[in-house]
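# Commentary on secondary and tertiary structure
Listed below, chain by chain, are the residues.
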There are 2 protein chains.
Amino acid sequence: MEVIKAVKEMQRWSEAARLRGERIAFVPTMGYLHEGHLSLMREGRRRADRLVVSIFVNPTQFGPREDFNTYPRDFERDCVLMERVPVDVVFAPEPAEMYPQGFQTWVETTELTRGLCGAFRPGHFRGVTTVVAKLFNIVKPHLAFFGEKDYQQLRTVERMVSDLNFDVEIVAMPTVREPDGLAMSSRNAYLSSAERQAALALSRALNAAQRRFREGSFLAEELLAEARQVLAQEPTVRVEYLEVADARTLEPISKLDRPAVIAIAAWVGRTRLIDNVVLADVGAQ
Amino acid sequence: MEVIKAVKEMQRWSEAARLRGERIAFVPTMGYLHEGHLSLMREGRRRADRLVVSIFVNPTQFGPREDFNTYPRDFERDCVLMERVPVDVVFAPEPAEMYPQGFQTWVETTELTRGLCGAFRPGHFRGVTTVVAKLFNIVKPHLAFFGEKDYQQLRTVERMVSDLNFDVEIVAMPTVREPDGLAMSSRNAYLSSAERQAALALSRALNAAQRRFREGSFLAEELLAEARQVLAQEPTVRVEYLEVADARTLEPISKLDRPAVIAIAAWVGRTRLIDNVVLADVGAQ
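All values reported here derive from a predicted model rather than from experimental measurement.

Each helix and strand in chain A was counted, giving ten helices and ten strands. Taken over the C-alpha trace, chain A has a radius of gyration of 19 Å; the compact-globule value for 285 residues is 19 Å, and the two agree within 12%. Across its three principal directions, the C-alpha atoms of chain A cover 55 × 40 × 40 Å. Taking all 285 residues of chain A together, 41% fall into the buried category. Sequence-distant contacts in chain A: of pairs separated by 6 or more residues, those separated by 24 or more amount to 70%.

With that settled, consider the pairing of strand β7 (residues 169-173) of chain A. All names here are of chain A. Here strand β6 (residues 143-147) pairs with β7 via five bridges, running parallel. Across the sheet, residue Gly147 finds its bridge partner in β7, namely Met173. Running through helix α7 (residues 151-163), the crossover from β6 to the neighbouring parallel element β7 is right-handed.

Many descriptions give the size of an interface as the accessible area lost when the pieces come together. All names here are of chain A. When the domains of chain A are assigned, the result is domain 1 (2-173) and domain 2 (186-279). Taken over C-alpha atoms, the centre of domain 1 sits 26 Å from the centre of domain 2. Each side of the interface is counted separately: domain 1 has 13 residues, and domain 2 has 14 residues. For the side of domain 1 that touches domain 2, the elements supplying multiple residues, two or more each, are α5 (116-120) and α7. The residue makeup of the side of domain 1 that touches domain 2, split by class, is eight nonpolar, three polar and two charged.

Residues and elements named next belong to chain B. Compared with an ideal rise of 1.5 Å per residue, which puts 13 residues at 18 Å, helix α10 (residues 220-232) spans 18 Å between its outermost C-alpha atoms and is within 8% of the ideal. What α10 keeps buried is the set Ala220, Leu223, Glu226, Ala227 and Leu231. The arc enclosing the buried residues of α10, seen along the axis, measures out at 140°, which places them on a common side. Among the exposed residues of α10, those pointing more than 90 degrees away from its buried face are Glu221, Gln229 and Ala232. Where α10 is buried, its residues meet α9 (200-214), β8 (237-246) and β9 (260-268).

A few words now on the interface of chain A and chain B. On the chain B side, the residues contacting the 25 residues of chain A number 25 residues. Those elements that provide at least two residues to the side of chain A that touches chain B are α1 (7-19), β5 (105-109), α6 (124-139) and α7 of chain A. Examining the composition of the side of chain A that touches chain B, we find that five residues originate from one element, β5(A), more than from any other. Examined bridge by bridge, β5(A) and strand β5 (residues 105-109) of chain B share five bridges and lie antiparallel to one another. The partner of A:Glu108 across the bridge, within β5(B), is B:Trp106.

To continue, consider the relation of the copies chain A and chain B. Once turned by 180° and shifted 0.0 Å along the axis, chain A lies on chain B with an RMSD of 0.0 Å. Accordingly, the operation relating the two chain copies is best matched by a two-fold axis. Relative to the rotation axis, the closest C-alpha in chain A is found at A:Val107, a distance of 2.3 Å. Here 100% of the contact residues of chain A are again contact residues in chain B; the copies associate through an equivalent surface.

This brings us to the nonpolar core. Membership of the largest hydrophobic core comes to 81 residues, with the highest contact counts inside it found for A:Val53, A:Val139, B:Val53 and B:Val139. Excluding its chain neighbours within four sequence positions, the residues that come into contact with B:Val139 are B:Met10, B:Ser14, B:Ile24, B:Phe26, B:Val52, B:Ser54 and B:Phe91.

Further remarks concern unusual backbone geometry. Residues and elements named next belong to chain A. Look at the link from Val85 to Pro86: it is a cis peptide, with omega at -5°. By the element assignment, Pro86 lies in the loop between α3 (75-84) and β4 (89-91). The phi dihedral of Tyr32 is positive, around 50°, even though this residue is not glycine. Assignment of secondary structure puts Tyr32 in the loop between β2 (24-29) and α2 (35-47).

The rules we used
Residues numbered from 1 in each chain as written. Chains lettered and ligands numbered in written order. Predicted model: local features only at pLDDT ≥ 70, side-chain atom pairs only at ≥ 80, totals over all residues. Helix = DSSP H or I, 4+ residues; strand = E, 2+ residues; numbered from the N terminus. Rg over C-alpha atoms; globule rule 2.2 N^0.38 Å. Buried ≥ 20, exposed ≤ 12 C-beta atoms within 10 Å, placed from the backbone. Contact = placed C-beta atoms within 7 Å. Pairing = 2+ DSSP bridges. Right-handed = clockwise from strand over helix to strand, strands pointing away. Domains from an automatic or database assignment. Nonpolar A, V, L, I, M, F, W, Y, C, P; charged D, E, K, R; others polar. Expected span 1.5 Å × (residues − 1). Arc of directions from axis to C-beta. Least-squares fit on C-alpha atoms with pLDDT ≥ 70 in both. Core = buried A, V, L, I, M, F, W, Y, C linked by C-beta atoms within 7 Å.

Given below as C-alpha cells:
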C-alpha cells in the first residue's frame, strides 16, 4: 500500500492508471476508520481495478467553534485496517497542500444545504463540496463511495457531481450500525460509557418512527411524535433537529406521499451525533 | 469536424481520446469568432493532438439587464472559420443541457473577482468559473487557452484551476487587435461606425499610459492622468473604471514596484468594452 501526500504525485499515479485502462474506486474519509468506512472500501475493491482512499481531516468543513482540533486521528491504526482491505493508495495530504496561501475558490450547492445540518453548521457543506471537488480532480476516480449515514452530504455530493458534470459515479452505501443500533461514526469515540448508552435514543427514535410508517401512518407529525416520545426518555440527549424531509430535495414534508427521510441531529454531552432512516414505500421507490 | 451537443457524448469522445494517449487542447468561447479566438485555436492545434472548441453563450455570466439575448450569434459562420483551423470537435450544447432544472451548484473565486469588472457585474465571474469548471469536466482537456483581453477572467480561471486542482494547463495568449488598435471582441459588432471610431480612445489611452511608464514614470496616478487626458478627447466614451492593479492579485496599486496591469471598461453608446495593457519592467518579470 502506497501513501501519497502530494497532489501532483497523486494525479500522476491516477493518470497512469487511467492510461492503462484501469478503473479507479475512491473512498474519501477523515480517517479514524470504522466498519462504515471499511464497507465502502470493500465495495470499491469489488467494483474497480484500483482502490484509493483519502485520509484528510478537512478544516474548511468545521466551524470556528467546532471540533477540528480534537477530531480523532490515528493514521497508523487506519493504515493497518486499510492494508487488510486491501487499499492500493492512501492519499493523505497536509492541510497546507490542500489549502495553500491565497486559496479563494469555493464550490457551493445551495438549496440542498439550507435545511437540516446546513441550518446549524453554516459553511459546513461549502467545505464538503469544495474538498470533494478538489479530491475528484486529484484522484480522478471512476467511482466514489459515500455512506448514507451522512444523508444530506450524500445528496449534496450527488447534486454537485451532476451540476458540475464530474464524470464520476457516486455509489451510496447503507449506514453501518453497532449491534445495539448506534450508527457508526468516528465521533462515537468522544462518548463516555453513560453517553454511549444515552446515544441509543437516536436510532431507537428513528426505528419507532419507521415502525409507525410501516404500520400505515403517512403523516410526518405522527411519526415525529412517536420519535419524540422515545427521545423524551433520555433527558440528557438534546435534539438539534428532528425532521421528515423529501428524500430527494430534502425539503420538509408533512405527508409521506413520496420517498422521505427522517433525520436527526442531537447533542449527547458535548458530542454532536446524526442519524437517519429512509422511509420509502417499496412500491414507490 | 464533429459537432457534439450532449454532455455525455462529449465526455465519451474525450475519454476515448485520452485512453489513446492523445493530448487535448480546448478553447472555450461564446462564438461569433474573431481573430482573437482563432489565435487561441491555432496555438491549441500546434500544442496538442486534438483540438476541441466550445461555442456556448453562457447565460449565468450575464446580469439580468445585460446583453444575453442580443449577444451576436452565427454558428454557421463560426463553423466555416473553425473548419479552416482545423478544429476536431465543436462542443455546442443548449442552455438546458448545461443548466437543467434544479441546477444549484456554483464555483466562486472570491478575492480576484471583487474589483474591476467584478465590482460592476455582480455574479459575472461566478458564472464564468462555474461554466469553465463544467466545461473542463466535460471536455477533459490537457491544455486550455484564454485571451489576455479578458485579463481578470484569465487570472480568475488560473486561480480556480489551482485552487480546485484541475489537472489542466492554462495557456494565456496576447490580445489580438485591429490594425488601428481596437482590441478584438465579439461585442465590437454592436458599434456604429461613429462609435467604432470613438472606441479607439480605449487603446489609445492605454498606449499613452504605457508610453509614460516606459519613459520612467512609476506612479499610477501619473499614468492614469495621461490615459484620462486621451479619453477626455472622446466625450461620447463613458469610463466605468480605469485602474492600475497588481498584475497577479488585481488589487489597486499606487506605485508600480511590481508587475501591473492598467485596465479599462467603458461604454461607447450602449456597448460596454474592456481593454488592458500589462505594465511590467522586463527585468522584474
